[in-house]
Amino acid sequence: MRNPNNYIDKRTFFSGRVLDVSESGNKVTFRIDLYPDKIGTDGHIRITYNKKYDDEPHILNDDVVTIYGTFQGTEKAYNILLNEITMPKIKAEYVIIDE
């Protein structure tokens, strides 16, 4: 993303395959891969989501999801080779598990 600050607080949506998930109470944080069929791409996005209901289904690794939310800027992380990467961060309002 060339100019990420131009998109802060803008509404957006993406679909992708879940790479990893962390849950704490109703707060869920996960990454999705936008290009799961292309090895070596940097199409990862960090998603934060607050569950609306206690009985919402859990988001699991390898789920294909569509998220609707607001762009929150970028954040730094480390890939498996311990190289620092920058990825977009989205605060999701809705997460749909595609089945």
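Residues numbered from 1 in each chain as written. Predicted model: local features only at pLDDT ≥ 70, side-chain atom pairs only at ≥ 80, totals over all residues. Heavy atoms only, no water.

**A short note on the sheet that holds strand S5 (residues 84–98)**
Either a parallel or an antiparallel arrangement is found when strands of a sheet pair, and the pairing is made through backbone hydrogen bonds. Sheet architecture is closed into a barrel: 5 strands sit in the order S1-S2-S3-S5-S4, paired in mixed fashion. Averaged over all pairs of adjacent strands, the angle between their axes in this sheet comes to 45 degrees, without regard to strand direction. Direction of pairing for strand S4 (residues 64–78) relative to S5: antiparallel, over a ladder of 13 bridges. Across the sheet, the residue bridging to Val64 is Asp98, located in S5. (Pairing = 2+ DSSP bridges. Helix = DSSP H or I, 4+ residues; strand = E, 2+ residues; numbered from the N terminus. Axes fitted to C-alpha atoms, helices over the stretch in contact; angles between N-to-C directions.)

**Describing the pattern of salt bridges**
Applying the stated criterion across every chain yields a total of 5 salt bridges. A salt bridge links Arg11 to Glu93; the shortest N-O distance between them is 2.9 Å. With a gap of 82 residues between them, Arg11 in strand S1 (residues 11–24) and Glu93 in strand S5 connect regions that are remote in the sequence. In this structure, Glu23 engages Lys51 in a salt bridge whose closest nitrogen and oxygen atoms are separated by 3.4 Å. (Salt bridge = Lys/Arg side-chain N within 4 Å of Asp/Glu carboxyl O.)

**Some points on the side chain of Thr70**
By secondary structure assignment, the location of Thr70 is in strand S4. For Thr70, a relative accessible area of 14% puts it in the buried group. Here Glu93 takes part through its side chain, which lies 3.3 Å from a polar atom of the side chain of Thr70. In this structure, Thr70 is in contact with Asp9, Lys10, Arg11, Lys89, Ile90, Lys91 and Glu93, ignoring residues within four places of it in sequence. (Buried < 20%, exposed > 50% of the residue type's maximum accessible area, 1.4 Å probe, protein only. Polar contact = N/O pair within 3.5 Å; in protein donor to acceptor, adjacent residues only side chain to side chain. Contact = heavy atoms within 4.5 Å.)

**Structural notes on the nonpolar core**
Grouped together as the largest cluster of nonpolar side chains are 14 residues, with contacts concentrated most on Phe30, Ile32, Ile47, Val65, Ile67 and Val95. At the level of elements, strand S2 (27–33), strand S3 (44–50), S4 and S5 are the ones that each hand at least two residues to this core. Setting aside residues no more than four positions away along its own chain, Val65 makes contact with Phe14, Ser15, Gly16, Val18, Phe30, Ile32, Val95, Ile96, Ile97 and Asp98. (Core = buried A, V, L, I, M, F, W, Y, C linked by side-chain atoms within 4.5 Å.)

**Thoughts on the pairing of S5**
Two elements, S3 and S5, share 4 bridges in a ladder whose sense is parallel. The partner of Tyr49 across the bridge, within S5, is Ala92. In this structure, the hairpin formed by S4 and S5 is closed by a connection of 5 residues, where Leu82 is found at a positive phi of approximately 65 degrees.

**Quick word on the pairing of S3**
With 7 bridges joining them, S2 and S3 adopt antiparallel strand pairing. Counterpart to Thr29 in the pairing with S3 is Thr48.

**Things to note about the packing of aromatic side chains**
The geometry of an aromatic ring pair is captured by two quantities: the separation of the ring centres and the angle between the planes. Counted by the stated rule, this structure contains 2 aromatic pairs. Ring plane angle 85 degrees and centroid distance 6.5 Å describe the contact between Tyr7 and Phe71, whose orientation is recorded as edge-to-face. One end of the pair, Tyr7, is in the segment before S1; the other, Phe71, is in strand S4, and 64 residues separate them in sequence. Overall, Phe71 belongs to the buried group, its relative accessible area being 4%. Note that Lys52 overlies the ring of Tyr94, its terminal NZ or CZ placed 4.8 Å from the centroid. (Phe/Tyr/Trp six-rings, centres within 6.5 Å; stacked < 30°, edge-to-face > 60°. Lys NZ or Arg CZ within 6 Å of the ring centre and 35° of its normal.)

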